[in-house]
Amino acid sequence: MALKVVRRALSAQSWASAWHFVRTNKMLVTGLGIVFVLAVSGHVASIFVDAERADVGAGAPARPPSWLPAAKNHPGFALGTDQQGRDVFADLLLGTPATIRIGLIAGLLGVLAGTLLGFTGGYFGGLWDTFVTLATDVFMTIPALMILIVIVSMVQVLSTEALGLIIASLAWPAPARMIRSQVLTMRERAYVQIARLNGVRDFKIIVMEMVPNLLPFLAAGLVGATAAAVLASIGLSALGLGPQNEPSLGLTIYWSLFYGALIRGMWWWWGPPMLIIVLLFIGLFLAAAGLDQIANPRLRKSA
Amino acid sequence: MSVDYVLRRSLLLVAVIFVAVTLNFFIPRLSGRNPIEARLYEAAAQGGVNVGRINEIIDEYEAKFGLDRPLWRQYLFYWADIMRGDLGVSIQELGTPVSTVILRRLPWTIGLLLTATMLAFTVGSLFGALLAWRKSPRAFTAFVPLLMTLSAIPFYLLGIVLIFGLAMTWQFFPAGGAYKFGLDLAWSWESIWSIFKHAVLPSTAIVLGGIGFWGLNMRGMMITTMGEDYMKFADYKGLREKRIFLNYGLRNAALPQFTALAIVLAHVVSGAVLVEVVFTYPGVGHQLYRAIVTNDYFLIQGIILLVVVSVAVGLLIMDMLYPLLDPRIRYQRS
């Protein structure tokens, strides 16, 4: 049985269909690929690169990049060191996955909460729906970053995970609104109506009929929420409000601004994290655009 | 526009302000941090206050600011204060009222943000429409990835790149501030020129990022509009190209842009906060950054409240203006 599955997975036909998927969803595949490589590269590299090199005083301060060995058994600082002697390269290797992790935590929880709210509101309607709609409208109007700044400047954020949780608390409105509007149209579709006329219970209709059709929207919502969370986390960290004891992309930007890396021409300090951030956002943007195409096939023509 | 709609829309504004004020009140109090205590210990560390009697001083101040009253009464008093426009006093700026500190900074932010957003909106929309226009040169499509990249980068990172390129490497523009250091501002050409020169880079950062977003959006709208029958009809009637583009295409495709403006306004304002930090531009955003660095809680809360309320009011105004732009919209309950 298991062998059969494996053989089928390896058959030429499934390869062809996978290749077809890649070819027809170039944006999605490229985007997810970029994010995946960024997320994984740090973990892979941590096998080879000593984490202590991202600590303060790992090398001489403010050294430009050089491939020459810094000392015996020390491979040198490929991206130089910052004002406090951190190895910028090692700092980024640890910081990039941390930043993506914050985004994923906040994105997942935000989509989960948003889906629950939007789904129940759209499906059951009534007073609860009025409440959900109002709450969503209110929190879509309030700039989330502002409220996050209040929270984070009052509460000492000590870990990457804690920052992810805090950002998650404001990541639900956009998914909630999207899922609610989808559920509203889906509720009136023939297949749901027929299931209901047949006396299928609410729970079964939701799980068996509606959730599978919502999957592309959930995926698009997840990517969108993750991008927003990454943006918020980098913004907060760049303001010096994130956890200061764990490397992250925003924290590197914060320190480089704090020590005037721009004025002092230390491009190797602010340049590489910026490149990674730009790459990360382009990856997320492409993934979101690609998922949009799957969810609304009509967009395909215009892209 | 129906009365019902105006009422419902105003209710949302009230709800937004209520939530913002309530969050602003409860978050600091739930966090268990005491700003007065923190400031006094800081002063003690610098050797300004007798450490032995610090608790007495804290009690004294808490009574003075009403922090010893029950929470619900503090909450009501907080509302009463806000209604009177009293946002408390800045802890670091030696007791200057928060509202004074904010008002001093506000003109810079409004000037920068308004100009930059309007420029980005106009240029981006026009550019996006041209990208989708059938008579545009084929080479135009090469700009689409550029727009995608620009829209994916946070404003303040564009700002850092601009500083590096146009203020450090080639020193065309100043890297920070709003006018030449030490200049006495007056209604003179020198002042205006100096303010302009300092505003170029920060606004370019916002405009570039905005063009990406508005351009991509507009391109999508325009492609849909191009498929409409009235576009073909206008063409068969033999109307001039320019008229079809502006009055038939642009006019219709631009409408959803205004809705989008309402949706991303909050995002633009947040982004501008960080642009000001990068450029040390003396606006509200930079003041917020300084308040965070110096633990000036009242100032932080005041600025956040101001930003939230102004975004909400801006959205309300835009929603009210929308029927004027699009006569098809009546806002009546179906």
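Calculation notes
- Residues numbered from 1 in each chain as written.
- Chains lettered and ligands numbered in written order.
- Predicted model: local features only at pLDDT ≥ 70, side-chain atom pairs only at ≥ 80, totals over all residues.
- Heavy atoms only, no water.
- Phe/Tyr/Trp six-rings, centres within 6.5 Å; stacked < 30°, edge-to-face > 60°.
- Buried < 20%, exposed > 50% of the residue type's maximum accessible area, 1.4 Å probe, protein only.
- Helix = DSSP H or I, 4+ residues; strand = E, 2+ residues; numbered from the N terminus.
- Contact = heavy atoms within 4.5 Å.
- Buried area = accessible area lost by both parts, 1.4 Å probe.
- Salt bridge = Lys/Arg side-chain N within 4 Å of Asp/Glu carboxyl O.
- Polar contact = N/O pair within 3.5 Å; in protein donor to acceptor, adjacent residues only side chain to side chain.
- Core = buried A, V, L, I, M, F, W, Y, C linked by side-chain atoms within 4.5 Å.
- Axes fitted to C-alpha atoms, helices over the stretch in contact; angles between N-to-C directions.
- Parallel < 35°, antiparallel > 145°, perpendicular 65-115°, else oblique.
- Left-handed = near helix turned anticlockwise from the far one by under 90°.
- pLDDT = per-residue confidence, 0-100.
- Patch = residues over 30% accessible without salt bridge, like charges linked within 9 Å, V, L, I, M, F, W, Y side chains within 5 Å.
- Areas by Shrake-Rupley, 256 points an atom, 1.4 Å probe, with all protein chains shown as cover.
- Expected span 1.5 Å × (residues − 1).
- Bend = angle between axes of the 7 residues up to and from the residue.

A. Here's a closer look at the packing of aromatic side chains. Counting across every chain of the model gives 24 aromatic pairs over all chains. Pairing Phe258(A) with Tyr259(A) gives two aromatic rings, centres 5.2 Å apart and planes at 80°, and the pair type is edge-to-face. What makes Phe258(A) partly exposed here is its relative accessible area of 46%. Look at Tyr259(A) and you get partly exposed, because its relative accessible area is 26%. Judged by centre distance (4.9 Å) and plane angle (65°), the ring pair of Trp270(A) and Phe164(B) falls under edge-to-face. Remark: Phe164(B) occurs in helix 7 (residues 155-169) and Trp270(A) occurs in helix 12 (residues 267-295); the pair is interchain, linking two chains.

B. Layout of the interface of chain B and chain A. Each side of the interface is counted separately: chain B has 46 residues, and chain A has 40 residues. Taking both sides of the interface into account, the surface hidden between chain B and chain A amounts to around 3900 Å²; carbon and sulfur atoms contribute 86%. One can count zero salt bridges joining chain B with chain A. Counting across the interface, chain B meets chain A through zero residue pairs in polar contact (both at pLDDT 80 or more). For the side of chain B that touches chain A, the elements supplying multiple residues, two or more each, are helix 1 (3-31), helix 6 (143-152), helix 7, helix 8 (189-226), helix 10 (241-278), helix 11 (284-293) and helix 12 (297-325) of chain B. Top element by residues in the side of chain B that touches chain A is helix 1 of chain B. It accounts for ten residues.

C. Spotlight on the nonpolar core. One finds Ile149(A), Ile167(A), Leu236(A), Leu288(B) and Ile304(B) to be the most contacted residues of the largest nonpolar core, which totals 138 residues. Among the elements that take part in this core, helix 10 of chain B stands out by supplying 14 residues, more than any other. If near-sequence neighbours (up to four positions away) are discounted, Ile167(A) is found in contact with Ile102(A), Ala106(A), Leu148(A), Ala229(A), Ala232(A), Ser233(A) and Leu236(A).

D. Highlighting unusual backbone geometry. Even without a glycine there, the phi angle at Thr280(B) is positive, about 40°. By secondary structure assignment, the location of Thr280(B) is in the loop between helix 10 and helix 11.

E. Here's a closer look at the packing of helix 12 of chain A against helix 6 of chain B. Where helix 12 of chain A meets helix 6 of chain B, the axes come as close as 9 Å, and the angle between the chain directions of the two elements is 115°. Classified by the interaxial angle, the pair formed by helix 12 of chain A and helix 6 of chain B is roughly perpendicular. In this structure, helix 12 of chain A meets helix 6 of chain B at a crossing whose hand is right-handed. For the pair helix 12 of chain A and helix 6 of chain B, contact is made by Phe281(A), Ile282(A), Phe285(A) and Leu286(A) and by Met148(B), Thr149(B), Ser151(B) and Ala152(B), respectively.

F. Representation of the pattern of salt bridges within the structure. Residue and element names in this part refer to chain A. If you walk through the whole model with that rule in mind, you get seven salt bridges over all chains. Of the charged contacts, one joins Arg180 and Asp129 as a salt bridge, the two residues approaching to 2.7 Å between their closest N and O atoms. Pair noted here: Arg180 is in helix 8 (residues 173-187) and Asp129 is in helix 5 (residues 126-141), with a separation of 51 residues, a long-range link. One salt bridge in this structure joins Glu188 and Arg187, with 3.5 Å as the shortest N-O distance.

G. The arrangement of the confidence of the model for chain B in detail. Residues and elements named next belong to chain B. Overall, the predicted model of chain B reaches an average pLDDT of 81, with 94% of residues at or above 70. Element-level pLDDT for chain B is lowest in helix 2 (residues 35-45), with a mean of 71, against a maximum mean of 88 in helix 5 (residues 98-132). The ipTM assigned to the predicted complex is 0.79, against a pTM of 0.83.

H. Just the environment of Tyr236(B), in detail. Considering the arrangement of structural elements, one finds Tyr236(B) in helix 9 (residues 229-236). Through-space distance from the C-alpha of Tyr236(B) to that of Thr280(B) is 55 Å; in sequence the pair is 44 residues apart.

I. Broad picture of the packing of helix 12 of chain A against helix 7 of chain B. One can describe the packing of helix 12 of chain A onto helix 7 of chain B by two numbers: an axis separation of 11 Å at closest approach and a directional angle of 140°. Regarding the angle of helix 12 of chain A to helix 7 of chain B, the classification is oblique. Between helix 12 of chain A and helix 7 of chain B lies a crossing whose hand is left-handed. Of the residues in helix 7 of chain B, those in contact with Trp267(A), Trp270(A), Met274(A) and Ile277(A) of helix 12 of chain A are Leu157(B), Ile160(B), Val161(B) and Phe164(B).

J. The arrangement of the side chain of Thr160(A) in detail. Note that Thr160(A) resides in helix 7 (residues 160-168). According to the relative accessible area criterion, Thr160(A) is buried, its value standing at 3%.

K. Looking closely at the environment of Leu261(B). Residues and elements named next belong to chain B. With respect to the secondary-structure elements, Leu261 resides in helix 10. Residue Leu261 is classed as buried on the basis of its relative accessible area of 13%. Distance in space between the C-alpha atoms of Leu261 and Trp133 is 22 Å, their sequence separation being 128 residues. Leave out the neighbours within four places in its chain, and Leu261 touches Thr117, Phe121, Trp214 and Met318.

L. Structural detail: a nonpolar patch on the surface. All names here are of chain B. Taken together, the side chains of Val313, Ile317, Leu321 and Leu324 make up a nonpolar region of the molecular surface, amounting to roughly 370 Å² of accessible area. Along the chain, Val313 turns up in helix 12. On the basis of relative accessibility, which here comes to 32%, the residue Val313 falls in the partly exposed class.

M. Structural detail: helix 7 of chain B. All names here are of chain B. The end-to-end C-alpha distance of helix 7 is 20 Å, a good match for the 21 Å that 15 residues give at a rise of 1.5 Å each. Along helix 7, the largest kink reaches about 30° and is centred on Ile163. Along helix 7, the positions that sit buried rather than exposed are Phe155, Tyr156, Leu157, Leu158, Gly159, Ile160, Leu162, Ile163, Gly165 and Ala167.

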